[in-house]
Amino acid sequence: MRNPRSAPLRSLALAPLVASALAGAALLFVAATPLQAQDLPRSFGQVDPDPDFLFRAPRVSIGVRGGMFFHRANSDLYDFAEENLTVDRSDFRGGSFGVEGGVFVGPRLEVTFSIDGSNVGLGAEYRDLVEDDGSAEGVPIRQMTELREGPAVSLGARWYLLERGESLGEFVWLPRDWNAFLGGGAGITGYDLELSGDFVSEGDGVISTERFASSGSDFFPFVSGGVEVGLSRRTALVVEGRYRWASAHPSRDFADLAEPLDLSGHRLTARLFFRP
């Protein structure tokens, strides 16, 4: 005789097996379904090609700079120009350009090597003398003065007042947004001086066209200071002021001058540099 309770009991016994089979089939379906790129986060598996940090503090810097050089103009040649011609000492200024490389030998100390040059070109005329051409005003007696300085080759050191950056762990270095520095050094510079145009003889007042030239070189010390502002993790803008002391004995057409030619002055530049 058939037991009426046997069928439900068998159904209950098979239920766990059916549930397990359904779960396994679902897992197999998911595994077999290809994973599309849009199903992943956009940043998954990607490396930032330009992170905002470096793996170590830079040891080398390379840069170019430009600005103005202001000559002190304190010798008898400049005295003659200011007294007789329509120029002032403050007019002896001109564009300055240079390149610089640096190597850090300590956390805040950088040794620098630079090459610079500048050029001054001034047009002038006699203050109180004119050439008589029969008119009431006369004709101005004009001259051109050119003072080319360089190449000025210098070796120096720069001390940063703050730490250049911050290390986070062993492989992350964050550069500082800004810093300030003081520096100094020494170098050697060449110069070329040329005066050309019409000049009046002191003895008989005869006007003649002349060209006077002098050239040479001199050793100089300098001091400097400035501010560095980071533009990116590898580039920065530096505004620097530098003062040097230099003079050279005139040669050739200016050999009779009593005083050395003053080549001192201050240089104000903006420098863009790169940290490899």
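Structure: above.
Structure report, in brief. Fair warning: this is a prediction, and the values are worked out from it, not measured in the lab. (Residues numbered from 1 in each chain as written. Predicted model: local features only at pLDDT ≥ 70, side-chain atom pairs only at ≥ 80, totals over all residues. Heavy atoms only, no water.)

1. Remarks on the packing of aromatic side chains
- Going through the model one piece at a time under the given rule, you end up with seven aromatic pairs.
- Considering the side-chain rings of Tyr 78 and Phe 92, the 4.9 Å spacing of their centres and the 85° angle between planes classify their relative orientation as edge-to-face. Of the two residues, Tyr 78 sits in helix H2 (residues 76–84) while Phe 92 sits in the loop between H2 and strand S2 (93–104), which places them 14 residues apart along the sequence.
- A network of ring pairs unites the aromatic residues Phe 104, Tyr 160 and Phe 181 as a single cluster.
- Seen from the ring of Phe 181, Arg 158 lies directly overhead, with NZ or CZ sitting 4.7 Å from the centre.
- The ring of Phe 220 has Arg 244 sitting right over it, with the charged end atom 5.3 Å from the ring centre. (Phe/Tyr/Trp six-rings, centres within 6.5 Å; stacked < 30°, edge-to-face > 60°. Helix = DSSP H or I, 4+ residues; strand = E, 2+ residues; numbered from the N terminus. Lys NZ or Arg CZ within 6 Å of the ring centre and 35° of its normal.)

2. Looking at the nonpolar core
- Ranked by size, the top nonpolar core spans 25 residues in total, and within it Val 87, Phe 92, Tyr 191, Leu 193 and Leu 261 carry the most contacts.
- Those elements that place two or more of their residues in this core are H2, strand S3 (109–131), strand S4 (139–160), strand S7 (178–200) and strand S8 (207–230).
- Not counting chain neighbours up to four residues away, the residues in contact with Leu 193 comprise Leu 77, Thr 145, Glu 146, Leu 147, Phe 212, Ala 213, Ser 214, Phe 254 and Leu 261.
- Judged by nonpolar contacts, the second largest core, of six residues, contains Phe 104, Tyr 160, Val 238 and Phe 273. (Core = buried A, V, L, I, M, F, W, Y, C linked by side-chain atoms within 4.5 Å. Buried < 20%, exposed > 50% of the residue type's maximum accessible area, 1.4 Å probe, protein only. Contact = heavy atoms within 4.5 Å.)

3. Things to note about the pairing of S8
- Where S7 meets S8, 23 bridges bridge the pair, whose relative direction is antiparallel. Looking at S8, one finds that Asn 179 is bridged to Glu 228.
- Hairpin geometry of S7 and S8 is characterised by an intervening segment of six residues between the two adjacent antiparallel strands and by a positive phi of about 75° at Gly 205.
- The pairing of S8 with strand S9 (residues 235–244) spans nine bridges and is classified as antiparallel. Counted as the bridge partner of Phe 222 is Arg 244 from S9.
- The antiparallel pairing of S8 with S9 creates a hairpin that spans four residues between the two strands. (Pairing = 2+ DSSP bridges.)

4. So, the sheet that holds S3
- The strand order S1-S2-S3-S4-S7-S8-S9-S12 describes a closed barrel built from eight strands, whose pairing is antiparallel. On average, adjacent strands in this sheet sit at an angle of 20° to one another, irrespective of strand direction.
- Here S3 runs beside S4; their pairing, made up of 18 bridges, is antiparallel. Among the inter-strand pairings, Ile 115 is bridged to a residue of S4, identified as Val 153.
- Sitting on the sheet, H2 is in contact with strand S1 (60–71), S3, S4 and S7, with an inclination near 40° to S3. (Axes fitted to C-alpha atoms, helices over the stretch in contact; angles between N-to-C directions.)

Nothing here speaks to function; it is geometry throughout.
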